[in-house]
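Structural overview
The residues making up each chain are set out below.
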Amino acid sequence: MYDEVHEILYELDRSKGVLGSLVVSEDGMLIASDLKVDMDEEVVAALGATIVRRFREALSRIGGDPFIEGFIEASGGNLLFSQAGPNVLIVLTERGINIGFARLKIEEARRKIEEVLK
Amino acid sequence: MKQDVYAPLDRDFTGDVQMVFKRTLDKLTEEKGILGCLLVDCEGLVVSESLGSGRKDPEEVAALAGMLTNFLEHWFGEMDGSPFDQCVLSTDSSSMAIRKVGCLYLVVFLKGSGLSGYMANIVTISEAVATIAMMLQRTCG
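What comes next concerns the included structure. (Residues numbered from 1 in each chain as written. Chains lettered and ligands numbered in written order. Predicted model: local features only at pLDDT ≥ 70, side-chain atom pairs only at ≥ 80, totals over all residues.)

Side note on the overall build of chain A
Tallying secondary structure elements over chain A gives 3 helices and 5 strands in all. The secondary structure elements of chain A, listed N-terminal to C-terminal, are α-β-β-α-β-β-β-α. Counting only residues that meet the buried cut, chain A has 46% of its 118 residues in that class. (Helix = DSSP H or I, 4+ residues; strand = E, 2+ residues; numbered from the N terminus. Buried ≥ 20, exposed ≤ 12 C-beta atoms within 10 Å, placed from the backbone.)

Section: the interface of chain B and chain A
Between chain B and chain A, the contact holds 26 residues from the first and 23 residues from the second. Looking at the side of chain B that touches chain A, the elements that each hand over two or more residues are α2 (58-79) and β3 (84-90) of chain B. Per-element accounting of the side of chain B that touches chain A gives the leading share, 8 residues, to α2 of chain B. For the side of chain B that touches chain A, the class distribution of residues is 15 nonpolar, 7 polar and 4 charged. Across 6 bridges, the pairing between strand β3 (residues 69-74) of chain A and β3 of chain B is antiparallel. Paired with E69 of chain A across the strands is S90 of chain B, a residue of β3 of chain B. (Contact = placed C-beta atoms within 7 Å. Nonpolar A, V, L, I, M, F, W, Y, C, P; charged D, E, K, R; others polar. Pairing = 2+ DSSP bridges.)

Considering helix α2 (residues 41-61) of chain A
Residue and element names in this part refer to chain A. Compared with an ideal rise of 1.5 Å per residue, which puts 21 residues at 30 Å, α2 spans 30 Å between its outermost C-alpha atoms and is within 8% of the ideal. Restricting attention to buried positions, one finds in α2 the residues V44, A45, L47, G48, A49, I51, V52, R54, F55, A58 and L59. Residue G63 follows α2 closely and has a positive phi angle near 75°. (Expected span 1.5 Å × (residues − 1).)

Remarks on the packing of helix α1 (residues 2-12) of chain A against helix α3 (residues 99-116) of chain A
All names here are of chain A. For the pair α1 and α3, interaxial distance at closest approach is 10 Å and the crossing angle is 175°. Judged on the interaxial angle alone, α3 and α1 are roughly antiparallel. For the pair formed by α1 and α3, the contact residues are E4, V5, I8 and L12 on the first element and K105, I106, A109, K112, I113 and V116 on the second. (Axes fitted to C-alpha atoms, helices over the stretch in contact; angles between N-to-C directions. Parallel < 35°, antiparallel > 145°, perpendicular 65-115°, else oblique.)

Digging into the pairing of strand β5 (residues 87-93) of chain A
Residue and element names in this part refer to chain A. In terms of burial, β5 is largely enclosed, as 7 of its 7 residues are buried. Burial of the side chains of β5 extends over both faces: N87, L89, V91 and T93 are buried on one face and V88, I90 and L92 on the other. Examined bridge by bridge, strand β1 (residues 18-24) and β5 share 6 bridges and lie antiparallel to one another. By the bridge assignment for β5, S21 is matched with V91. With 7 bridges joining them, strand β4 (residues 77-84) and β5 adopt antiparallel strand pairing. Residue pairing for β5: L80 is matched across the bridge by V91. Hairpin connection, β4 to β5: the antiparallel pair is bridged by 2 residues, and G85 has positive phi, about 65°.

Concerning the environment of T124 of chain B
Residues and elements named next belong to chain B. On the secondary structure map, T124 appears in helix α4 (residues 122-140). The class for T124 is partly exposed, based on 18 C-beta atoms found within 10 Å. If near-sequence neighbours (up to four positions away) are discounted, T124 is found in contact with L28 and E31.

So, the sheet that holds strand β1 (residues 34-41) of chain B
Taken in spatial order, the 10 strands line up as β2(A)-β1(A)-β5(A)-β4(A)-β3(A)-β3(B)-β4(B)-β5(B)-β1(B)-β2(B) in an open sheet, and their pairing is antiparallel. Lying at the two open borders of the sheet, with one neighbouring strand each, are β2 (30-35) of chain A together with β2 (46-50) of chain B. The mean angle between the axes of side-by-side strands here comes to 10°, regardless of whether they run parallel or antiparallel. Lying over the sheet, α1 of chain A contacts β1, β2 and β5 of chain A, oriented at roughly 35° with respect to β2 of chain A. In this fold α2 of chain A packs onto β1, β2, β3, β4 and β5 of chain A together with β3 of chain B, with an angle of close to 70° to the strand it touches most, β1 of chain A.

This is a description of form; function is not addressed.
Spelled out as structure tokens, the structure:
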């Protein structure tokens, strides 16, 4: 099962501008990852889960619906988040990539991951 | 002909900064797909707002945006020192986008599922950001 998720991430990471991706549980446990950059995947997983938790809190405080996806742009690159069932798919990309195109690839990967981890 | 509301300010403009901020936010809120917006400082205080009556509480949104941006600035600074520029949080019916503009943050509420509402309004939001940035540069140097 985890090999299948890794295969999906590997496929996603072949998209232009994508630097790596991870699937993280709600509590920050790393389920699978495929990073092309030299970063500690456990740290990225914990950071991603913490950010998503903050996003959820923020949306609930302003009376919004549940979080489904998010995006952060920093000068070093982008972080994209997509809720995949109870887990979160986190994708690291270069700055300045086509977010619309990246989103399509992420959505495709998200659907497959949700199906595999169901 | 559509009025170019985000046109660069007159070089000799001496009007009230608050008035320009308010005018820019009001025009942004009039755009299709945009539910409201506000300008917040780094301490989470409202600088100017255009959320419309009966909608979200500006003070609460500003405090929330201040908290979220402080958190993100801290984390990104710790990770690789790269400053945070913007973030977008989406639900299946709306989004909240936060863009850094100098020492302030522009918070925009958008209609639409996921990031689609934001994607559809990137240009409009960027134009408003440019106007605010120009005004800040002119007044703060």
